[in-house]
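Survey of secondary and tertiary structure
Residues per chain are reported as follows:
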Amino acid sequence: MLTTAIFCTCALIGQAVAWGELGHETVGYVAMQFLAPKALSFVQSSLGSTYNESLGPAAPWADTVREETAYAWSAPLHFIDAEDDPMDDSCSVSQKRDCASGFCTLTAISNYTKRIQETSLSATQRQEALKFLDHFIGDIGQPLHVEALETGGNDITATCAGKKTNLHATWDTGMITQNIDALYGGSVTTWANTLVTRIKTGAYKSEAASWISCSSITSTKSSKRGLIGTTIEDDIALTRKNARRSTQVTLPELACPLAWAQDSNSFDCSIVFSYTTGEDLCTGSYFNAAIPIIDTQIAKQGYRLAAWLNVIFDGATNLPS
Ligand SMILES: *[C@@H]1O[C@H](CO)[C@@H](O)[C@H](O)[C@H]1NC(C)=O
Ligand SMILES: *[C@@H]1O[C@H](CO)[C@@H](O)[C@H](O)[C@H]1NC(C)=O
Ligand SMILES: [Zn+2]
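Just so it is clear, the model here is predicted, and its values are computed rather than measured. Sequence positions are assigned chain by chain, starting from 1 and proceeding in written order. Going through the entries in the order they are written, you letter the chains from A and number the ligands from 1. Side-chain atom pairs in this predicted model are given and counted only at pLDDT of 80 or more, local residue features only at pLDDT of at least 70, and totals for whole chains, interfaces and linings cover all residues. Only hydrogens and water are removed before side-chain values are computed, so all heavy atoms of the structure are retained for them.

Thoughts on the overall build of the chain
Helix numbers and strand numbers start at the N terminus; a helix is a DSSP run of H or I with at least 4 residues, a strand a run of E with at least 2. A count of helices and strands for the chain gives 14 helices and two strands. Only heavy atoms matter for contacts: two residues are in contact if any of them lie within 4.5 Å across the pair. If you take every contact in the chain between residues at least 6 apart in sequence, the share linking residues at least 24 apart comes to 73%. Counting every atom, the chain has about 13900 Å² of accessible surface; 53% of that belongs to carbon and sulfur. Only the protein chains shown count as covering a residue, and every accessible area follows the Shrake-Rupley method with a 1.4 Å probe.

Here it is as structure tokens:
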């Protein structure tokens, strides 16, 4: 059974990298259904037939390339190591404290929001910026991508559906796979359509507007240098101004990605670490409490991604509120 053992190890390493393909694709498919005309047109022509003109199939790209030597530099961009204390019920994210290196999801979103607007870059470079945004706006919604403790839960052994894995992979992939098979026939588009219906007419309708209002969940104090916006429009205006500078300047600190990071990090102080040792996390009470949060986080990030691209290309969020 040596081959089986080797195969299983590889599969686990593959899973430990991000929301996982299913979660990322679903974020992309949700966003597709809320794009304004110019954003849609840019997405379709930039991604082309390689990605079936869709943010769904393009979303996992950033995970695929981080395994390659040429893109190894991008690995730290998939997370923010929040140095908070969830075991003591203290959750927080600070860009200064948790992204001191300047290489984390927050700076990556700023960087690729700037680059997608730089018409002097090549079509390939702007497509890369789009694929990174598609992916990182997904990653920032996964509570364990915004947590330093035990390497974002990678070092915590866990059991999912009878298989040994770790806490991080259980949130990225294990619980999603289990749920998508049970409820959506294994189809990411069926899952995405269900989330879109909830946003348009269902359980998420009343809260969706708050998902894209960043000022409500962040501190409203503005930075000394006036670099911190409070709406998606403010953030995009900062990156646009930055993109127009001819020389390389410091990336602007953005309010909305930080608010989204704080939003998902808050779950590290509620459900994420609240399991009983030895409990199977993909069945029973932990699973039943986690699934509604995973659904909401995926729906939020798809909706936020659409709003982000709509403001960049159409000048307004253009979303039902
Ligand atoms: C490509 O996109 C079209 C239109 O959205 C869709 O109907 C089709 O199923 C997609 N094909 C694949 C292989 O995903
Ligand atoms: C910004 O994007 C460029 C091109 O992909 C990359 O070389 C650089 O390291 C990025 N910086 C950050 C902070 O993401
Ligand atoms: Zn990732």
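What to know about the coordination of the zinc ion (ligand 3)
On the protein side, the zinc ion (ligand 3) has His-78 (ND1), His-135 (NE2) and Asp-139 (OD) as donor atoms, found 2.1 to 2.2 Å from it. Donor criterion used throughout: N, O or S atom within 2.8 Å of the metal, extended to 3.2 Å for Na, K and Ca. Water excluded; incomplete-looking sites may result. Spacing between the donor residues of the zinc ion (ligand 3) along the chain follows H-x56-H-x3-D. Placement of the pair is His-135 and Asp-139 together in helix H8 (residues 123–139), with a separation of four residues, close to one helical turn. Relative accessibility thresholds used throughout: buried, under 20% of the residue-type maximum; exposed, over 50%; partly exposed, between the two (1.4 Å probe, protein chains only). By relative accessible area, His-135 is classed as buried at 0%.

What to know about the site of ligand 2
If a single non-hydrogen atom of a residue is within 4 Å of a molecule or strand, that residue counts as near it. The environment of ligand 2 is formed by Trp-73, Leu-77, Gly-102, Phe-103, Ala-108, Asn-111, Tyr-112, Arg-115, Glu-128 and Leu-251. Contact with the protein chains covers 75% of the free accessible surface of ligand 2, which is 360 Å².

Observations concerning helix H9 (residues 167–183)
Here a helix's expected span is defined as the number of its residues, less one, multiplied by 1.5 Å. Under the 1.5 Å per step criterion, the end-to-end length of H9 is 22 Å for 17 residues, consistent within 8% with the ideal 24 Å. Burial within H9 is extensive, with twelve of its 17 residues counted as buried. Within the sequence span of H9, burial applies to Leu-167, His-168, Ala-169, Thr-170, Trp-171, Asp-172, Thr-173, Gly-174, Met-175, Ile-176, Asn-179 and Ile-180. With a side-chain oxygen positioned 2.9 Å from the backbone nitrogen of His-168, the residue opening H9 is Asn-166. Identification of polar contacts relies on pairs of N or O atoms within 3.5 Å, with a donor-acceptor requirement for protein atoms, meaning one able to donate a hydrogen and the other able to accept it, and with residues adjacent in sequence counted only if both atoms are side-chain atoms.

A few points about the state of the cysteines
Cysteine sulfur atoms are paired as a disulfide whenever they fall within 2.5 Å. A complete count under the given rule lists four disulfides for this structure. The disulfide partner of Cys-99 is Cys-104, and the gap between their sulfur atoms is 2.2 Å. Disulfide Cys-99-Cys-104: torsion about the S-S bond near -105°, hence left-handed. Accessibility assignment for this pair places Cys-99 and Cys-104 in one class, buried. Here Cys-160 engages in a disulfide with Cys-282; their sulfurs sit 2.1 Å apart. Because the torsion about its S-S bond is -100°, the bridge between Cys-160 and Cys-282 counts as left-handed. Taken as a pair, Cys-160 in strand E1 (residues 157–160) and Cys-282 in the loop between helix H13 (255–265) and helix H14 (284–314) lie far apart in primary sequence, 122 residues in all. Neither Cys-160 nor Cys-282 differs from the other in exposure class; each is buried.

Describing the side chain of Arg-126
Topologically, Arg-126 is positioned in helix H8. There is no salt bridge for the buried Arg-126, and the closest opposite charge comes from Glu-118, which lies 8.6 Å off by N-O distance. A polar contact of 2.9 Å, which involves the side chain of Arg-126, links it to the backbone oxygen of Ile-116. This count recognises Lys and Arg as positive and Asp and Glu as negative, with His and chain-terminal groups excluded. In the sections that follow, a salt bridge refers to a side-chain nitrogen of Lys or Arg positioned within 4 Å of a carboxyl oxygen of Asp or Glu.

Observations regarding the confidence of the model for the chain
Residues with a pLDDT of 70 or more make up 88% of the chain, whose mean pLDDT is 90. For every residue, the predictor assigns a confidence score, pLDDT, that lies between 0 and 100. A low-confidence stretch, residues 1–17 (pLDDT under 50), is modelled with 15 contacts involving residues beyond four sequence positions or located in other chains. Predicted confidence is poor over residues 216–227, with pLDDT under 50, and the contacts of this stretch with residues over four places away or in other chains come to 14 contacts.

Let's talk about the packing of aromatic side chains
Put simply, two rings from Phe, Tyr or Trp (the six-membered ring, in Trp's case) pair if the centres are within 6.5 Å, and we call them stacked under 30 degrees between planes, edge-to-face over 60, tilted for the rest. Summed over the entire model, instances satisfying the criterion amount to 16 aromatic pairs. Taking 5.5 Å as the distance between ring centres and 80° as the angle between the ring planes, the aromatic pair formed by Trp-61 and Tyr-71 counts as edge-to-face. In this pair, Trp-61 sits in helix H5 (residues 61–65) while Tyr-71 sits in the loop between H5 and helix H6 (95–98), placing the two residues ten residues apart along the sequence. Residue Tyr-71 is classed as buried on the basis of its relative accessible area, which comes to 18%.

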